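# Commentary on secondary and tertiary structure
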Amino acid sequence: MFNLNLLKKNVTTLESPDIHRIDLDGREIILVGTAHVSQKSVELVHEVIETEQPDSVCVELDEKRFESLSQKDRWQNLDIKEIIRKKQLSTLMVNLTLASYQKKLGDQLGVLPGSELLEAAKTAQAHNIPISLCDRDVRVTLRRAWKKTSIFKKGYLLASLFASLFDNTKIDEEKLDELKDSDALSELLNEMGEALPEIKQVLIDERDTFLAEKIKATTGQKLVAIVGAGHIQGIKQAIAEDRSSLMDDINTIPKVSPLWKIAGWLIPLLIIGSIGYIGWNKGLMEAGANITYWILANGIPSALGALVAFAHPFTIISAFVAAPITSLTPVIGAGYVCAFVQAMMQPPIVREFETAMEDMGSLKKWWQNRLLKVFLAFILPGIGSMVGTWIGGVEIVKNLF
């Protein structure tokens with residue numbers, strides 16, 4: 001068990017309710033709680049590092065998020081087709097949704113989201129102080145959150161994220177005092193109430209443990225750690241304990257249950273088996289009629305989805321062709337096929353990547369920004385294909401009798 005005591009402040013030490021000093025077996029850890037859209041937090045972070053001159057600076061960032069904050073030309077290197085090919089489009093959408101929500105808060109206050117984290121890195125680099133990126137990979141966090149959410153609550157989660165895009169609540173520096181009870185991710189959770197406790201466990205509790213263990217593993221006798229204020233209490237508790245044995249588990253994406261894999265193939269096998277049975281008992285003409293119904297039942301709703309998205313004509317054709325086929329395999333969905341074709345035919349330009357976070361808050365601009373149109377070409381044909389699968393599947397099974 002670690003010896004955990006709050007250090008007594010002396011007259012030369014910075015004092016603030018957002019600064020928390022911990023003595024960990026002779027090492028000094030200075031936790032600085034911030035709001036990710038606060039100019040006051042930016043100034044506080046700079047002052048703490050300048051004054052304390054620590055051996056290392058820990059920040060609540062992973063490598064991907066650090067790159068997105070620090071590299072101004074990051075959009076020029078982003079290959080949307082490669083993202084689709086790797087089936088990471090949904091992750092990009094969620095990241096942009098969260099960033100869009102946070103940017104709206106920052107725009108009202110005149111500070112970019114995560115500016116205090118970037119300021120921590122810049123100030124540390126100016127003084128040749130090593131930087132430690134202590135947060136868990138955001139992709140692991142999002143995938144763990146998704147997999148731990150029940151199928152019934154997944155819809156609630158997606159609806160809440162989508163609604164946040166069009167939330168025009170005004171905020172000022174005074175309101176930030178309330179926001180400091182949560183960081184960028186937990187902020188949305190608080191608005192959802194207690195409906196998703198499993199998500200809170202992934203986004204907050206697990207990251208408290210991860211951040212604490214990474215901070216403790218950082219070299220140096222004196223450390224400054226810049227984290228969202230909502231993590232402070234959890235990190236202080238986690239630092240007082242040895243949770244290193246939990247790290248492998250919370251940094252792993254849970255494997256898909258074999259039952260889900262079986263269920264993923266069950267519908268295709270049921271459809272194919274039903275058509276085969278109909279052909280055997282009622283003749284090839286009847287089997288052909290059911291195949292035609294399956295093609296139309298899947299292809300038309302999926303193509304309509306692409307049409308509603310104002311997708312490229314080739315994307316609409318691809319939706320009609322792909323949906324009846326992809327519905328018979330859980331390996332790839334019609335949405336990914338359509339998104340890839342849309343990105344090929346009307347590739348987004350750099351400016352549209354740069355304005356995507358802002359454009360997300362306008363329903364009209366979803367049909368104007370070509371990156372967001374790729375998202376629409378992913379979502380709407382996919383929904384159409386799902387609807388078509390149930391319509392076609394029910395009709396074919398009924399024809400068995």
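Residues numbered from 1 in each chain as written. Predicted model: local features only at pLDDT ≥ 70, side-chain atom pairs only at ≥ 80, totals over all residues. Heavy atoms only, no water.

### Observations regarding the overall build of the chain
- The secondary structure content of the chain amounts to 19 helices and six strands.
- Put simply, the chain has 401 residues, and 49% of those count as buried.
- Across the chain, every contact between residues at least 6 apart in sequence was considered, and the portion connecting residues at least 24 apart equals 77%.
- Accessible area for the chain stands at about 20,100 Å²; split by element, carbon and sulfur atoms hold 60% of it. (Helix = DSSP H or I, 4+ residues; strand = E, 2+ residues; numbered from the N terminus. Buried < 20%, exposed > 50% of the residue type's maximum accessible area, 1.4 Å probe, protein only. Contact = heavy atoms within 4.5 Å. Areas by Shrake-Rupley, 256 points an atom, 1.4 Å probe, with all protein chains shown as cover.)

### Considerations on the packing of aromatic side chains
- Enumeration over the complete set of coordinates arrives at one aromatic pair.
- An angle of 65° between the planes, with centres 4.7 Å apart, marks the rings of Tyr-336 and Phe-378 as edge-to-face. Placement of the pair is Tyr-336 in helix α16 (residues 334-345) and Phe-378 in helix α19 (residues 370-399), with a sequence separation of 42 residues. Across the pair, Phe-378 and Tyr-336 agree in class, each one buried. (Phe/Tyr/Trp six-rings, centres within 6.5 Å; stacked < 30°, edge-to-face > 60°.)

### Structural notes on the pattern of salt bridges
- Throughout the structure, instances matching the rule amount to 15 salt bridges.
- The partner of Lys-398 in a salt bridge is Glu-395, with the nearest N and O atoms 3.9 Å apart. In this pair, Lys-398 and Glu-395 both sit in helix α19, three residues apart, roughly one turn of the helix.
- The exposure class of Lys-398 is exposed, given its relative accessible area of 52%. (Salt bridge = Lys/Arg side-chain N within 4 Å of Asp/Glu carboxyl O.)

### Some words on the nonpolar core
- Core analysis: the largest hydrophobic core is formed by 22 residues, its most contacted members being Ile-80, Ile-84, Leu-89, Leu-92, Leu-96, Leu-371 and Phe-375.
- Here this core takes six residues from α19, the largest share from any one element. (Core = buried A, V, L, I, M, F, W, Y, C linked by side-chain atoms within 4.5 Å.)

### A look at the environment of Ile-30
- Position of Ile-30 among the secondary structure elements: in strand β3 (residues 27-34).
- Judged by relative accessible area, which is 0%, Ile-30 ranks as buried.
- Taking the C-alpha atoms as reference, Ile-30 lies 6.8 Å from Ile-19; in sequence the two are eleven residues apart.
- If we skip the residues at most four places from it in the chain, Ile-30 touches Ile-19, His-20, Arg-21, Val-48, Glu-52, Lys-222, Leu-223, Val-224 and Ala-225.

### What to know about the pairing of strand β4 (residues 56-59)
- Going residue by residue along β4, you find Ser-56 and Cys-58 tucked away on one face and Val-57 and Val-59 tucked away on the opposite face as well.
- Pairing geometry for β4 and strand β6 (residues 222-228), over four bridges, is parallel. In the sheet register, Val-57 faces β6, and the bridge partner there is Val-224.
- Both β4 and strand β5 (residues 131-133) contribute to a ladder of three bridges, which runs parallel. (Pairing = 2+ DSSP bridges.)

### Side note on a nonpolar patch on the surface
- On the surface, a nonpolar cluster with roughly 580 Å² of combined accessible area is contributed by Phe-314, Ile-317, Val-321, Ile-325, Met-344 and Met-345.
- Within the residue set of the nonpolar patch, elements represented by two or more residues are α15 (313-326) and α16.
- Among the elements that line the nonpolar patch, the one with the most residues is α15, at four residues.
- Its place among the elements puts Met-344 in helix α16. (Patch = residues over 30% accessible without salt bridge, like charges linked within 9 Å, V, L, I, M, F, W, Y side chains within 5 Å.)

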